[in-house]
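One letter stands for each residue in the lines below.
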Amino acid sequence: MDFDGNWDARDNWEHAERYPAAAYAYASVVETPTHWFVVYMFFHARDWTNRPFFDSEHENDAEGLLLAVEKDGTPYGRVRAAITVAHGDFYSYVPLGSPWSTGGETVDGTLPMQVSPRDGRAHPVTAQEAHGHALKAYSGGSRGVVYYPAAEAGVPRGPGDRDVGYRIVDLFGPDGLWTRRADPDLLAAPGTFASDAPQGVRDGCGNGTFRCKLDAAHAPWAWDDHDDRPGRGELATDPASVVAAYFTIPEPLSRTYVSNGYRPPSRPIPAGAARSRRV
């Protein structure tokens, strides 16, 4: 989010075309004795529309997903499910072979896994819109830029570049966002990124559309589905409870966090509540 050399979120729309679109992804890891919960957040300086007059735009956008990974004794565990963020809605997916299934929310589809040519490991595959950036599991098609995790942040050579590396930034690290959660230049309210309606720039926010929304994007600790049960931000701050509410989970699922940078260490919960199972 400091692609332009500063942490002022209100000048990002103006600066979007002046700096290379180097690819980064913010990520955080929260851990219980049984699972890792990995949140990815993808930032875009402009949320724009391709439907003039009947849609709105806003400066800054931040959407992403939660991955639930079972600790199975291997170094990287086993991906069991994903919940993605698409505007004001969450969508849930499970990869082939996962024993997780529909629970409090209906599973929306299959999370594809693909071996990366860069590291030879299987990774979940998601896709984002080019304009509004709604994120869902990849469902096919050959258009767009393809990104792979890498040590360095790449810059797409064009809209059809099929091999661009993205670098992961720790949300809890010194260059992350959590340490700046009270920065008034970055956030207009808790968990809400600041923005304005830039004027005097080509294709300024809201030009030719219904409006330019202010302070519209949210950090992971403020993501919220408009009609689902999890509270605001719990996808990041209490992911074990979210997946227990969304899915039927046959394996033991501890909700006691041994590592959670979003909240203080949790107290142990009763043993009978440490397993999530629906019959």
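Model, not experiment: these values are computed from the prediction.

Let's talk about the environment of Ser 241
Its place among the elements puts Ser 241 in helix H3 (residues 239-246). Note: C-alpha distance between Ser 241 and Arg 255 (14 residues apart in sequence) is 6.7 Å. Setting aside anything within four residues of it in sequence, one finds Ser 241 in contact with Arg 255 and Tyr 257.

A short note on the layout of surface pockets
One number sums up the size of the second largest pocket: a volume of about 500 Å³. If you trace the second largest pocket, you find 23 residues lining it, with Asp 47, His 58, Glu 63, His 87 and Lys 213 closest to the centre.

Quick notes on the confidence of the model for the protein chain
Averaged over all residues, the pLDDT of the protein chain is 91; the fraction at 70 or higher stands at 94%. Low pLDDT (under 50) marks residues 266-279, which in the prediction has 32 contacts with non-local residues, meaning those over four places away or in another chain.

Things to note about the pattern of salt bridges
With the rule as written, the count across this model stands at nine salt bridges. Arg 46 serves as the salt-bridge partner of Glu 17, at 3.4 Å between the closest nitrogen and oxygen. Of the two residues, Glu 17 is situated in the loop between helix H1 (12-15) and strand S1 (24-31) and Arg 46 in strand S2 (residues 35-47); the sequence distance between them amounts to 29 residues. Under the relative-accessibility criterion, Arg 46 is labelled buried at 16%. Across the pair Lys 71 and Glu 31 runs a salt bridge, and its minimum N-O distance is 2.4 Å. On the criterion of sequence distance, the pair formed by Lys 71 in the loop between strand S3 (56-70) and strand S4 (78-86) and Glu 31 in strand S1 is long-range, its members being 40 residues apart. Given the relative accessible area of 24%, Lys 71 is considered partly exposed.

A look at the state of the cysteines
What the rule picks out here adds up to one disulfide. Between the sulfur atoms of Cys 205 and its disulfide mate Cys 212 the distance is 2.1 Å. Between Cys 205 and Cys 212 the sulfur-sulfur dihedral comes to about 100°; the bridge is accordingly right-handed. Residue Cys 205 shares its accessibility class with Cys 212, and that shared class is buried.

A word on the pairing of S4
Of all the nine residues making up S4, eight are buried; the element is thus mostly covered by neighbouring parts of the structure. For S4 and strand S5 (residues 89-94), the ladder comprises five bridges, and the chain directions are antiparallel. For Ala 86, the partnering residue across the bridge sits in S5 and is Asp 89. Following S4, the chain reverses through two residues before pairing antiparallel with S5; His 87 in that reversal takes a positive phi of roughly 60°.

What counts and how
- Residues numbered from 1 in each chain as written.
- Predicted model: local features only at pLDDT ≥ 70, side-chain atom pairs only at ≥ 80, totals over all residues.
- Heavy atoms only, no water.
- Helix = DSSP H or I, 4+ residues; strand = E, 2+ residues; numbered from the N terminus.
- Contact = heavy atoms within 4.5 Å.
- 1 Å grid on protein atoms, 1.4 Å probe; cavity = no way out; pocket = protein on both sides within 12 Å on 5 of 7 lines; lining within 4 Å.
- Points joined across faces, edges and corners; volume = space filled by probe spheres on them.
- pLDDT = per-residue confidence, 0-100.
- Salt bridge = Lys/Arg side-chain N within 4 Å of Asp/Glu carboxyl O.
- Buried < 20%, exposed > 50% of the residue type's maximum accessible area, 1.4 Å probe, protein only.
- Disulfide = S-S within 2.5 Å.
- Pairing = 2+ DSSP bridges.

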